[in-house]
Amino acid sequence: MELDQAFRSAALRPTAQRYAVLEFLAGHPVHATAEEIFRAVNRDDPRASRATVYNNLRSLAKAGLVREVMSEGKAARFDANLRRHHHFICERCGAVEDISWFDLPPSAGRVALGGRDVSNYEIVFRGACEGCRDAQPEQGAK
Ligand SMILES: [Zn+2]
Ligand SMILES: [Zn+2]
């Protein structure tokens, strides 16, 4: 099973609750918030407390199995899509969508980055998702 292998390669002990958190995130690629993850795990295991679910989420993030997606000013969202990808944030409905990975040309940003050694990057696009774009409001925006 893919999740077992993920735990093994991250050398993180796969406790039942960590497993449940990762399984939920992997099965729901909607970039859930910690609160949504807690509610989902708690539904299956009512003894799960908010504190332990949040702690397990942090352990998973530290081990690199879960990534925190940038979301300025709003609750952090979490991502178990471990393949490299970019993100698109809808400014109207707040959806955070995965965008298939594409490389920037190697020369991009070279001058601006100077001597910094870049190990990773991702692009966050913003705008209107397909659903919101097609739902143009009839009256002018306020
Ligand atoms: Zn939208
Ligand atoms: Zn993502």
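Residues numbered from 1 in each chain as written. Chains lettered and ligands numbered in written order. Predicted model: local features only at pLDDT ≥ 70, side-chain atom pairs only at ≥ 80, totals over all residues. Heavy atoms only, no water.

**A look at the domain arrangement of the chain**
Right, so step 1: Domain annotation for the chain reports domain 1 (2-78) and domain 2 (83-134).
Right, so step 2: Computed over C-alpha atoms only, the centres of domain 1 and domain 2 are separated by 23 Å.
Right, so step 3: The interface of domain 1 with domain 2 comprises seven residues on the first partner and ten residues on the second.
Right, so step 4: Both sides together, the interface formed by domain 1 and domain 2 hides about 710 Å², and carbon and sulfur atoms give 47% of it.
Right, so step 5: A salt bridge links Arg 67 to Glu 122; the shortest N-O distance between them is 2.8 Å.
Right, so step 6: The interface formed by domain 1 and domain 2 includes four residue pairs in polar contact (both at pLDDT 80 or more).
Right, so step 7: Of the residues belonging to the side of domain 1 that touches domain 2, the class tally is three nonpolar, one polar and three charged. (Domains from an automatic or database assignment. Contact = heavy atoms within 4.5 Å. Buried area = accessible area lost by both parts, 1.4 Å probe. Salt bridge = Lys/Arg side-chain N within 4 Å of Asp/Glu carboxyl O. Polar contact = N/O pair within 3.5 Å; in protein donor to acceptor, adjacent residues only side chain to side chain. Nonpolar A, V, L, I, M, F, W, Y, C, P; charged D, E, K, R; others polar.)

**A look at the coordination of the zinc ion (ligand 2)**
Right, so step 1: Donor atoms from the polypeptide that bind the zinc ion (ligand 2) are His 31 (NE2), Asp 79 (OD), His 85 (NE2), His 87 (NE2) and Asp 98 (OD), placed at 1.9 to 2.2 Å.
Right, so step 2: Written as a sequence motif, the donor arrangement for the zinc ion (ligand 2) is H-x47-D-x5-H-x1-H-x10-D. Taken together, the residues His 31 in the loop between α2 (16-27) and α3 (34-44) and Asp 98 in strand β4 (residues 96-100) connect sequence positions 67 residues apart.
Right, so step 3: Judged by its relative accessible area of 28%, Asp 98 is partly exposed. (Donors = N, O, S within 2.8 Å, 3.2 Å for Na, K, Ca; no water. Helix = DSSP H or I, 4+ residues; strand = E, 2+ residues; numbered from the N terminus. Buried < 20%, exposed > 50% of the residue type's maximum accessible area, 1.4 Å probe, protein only.)

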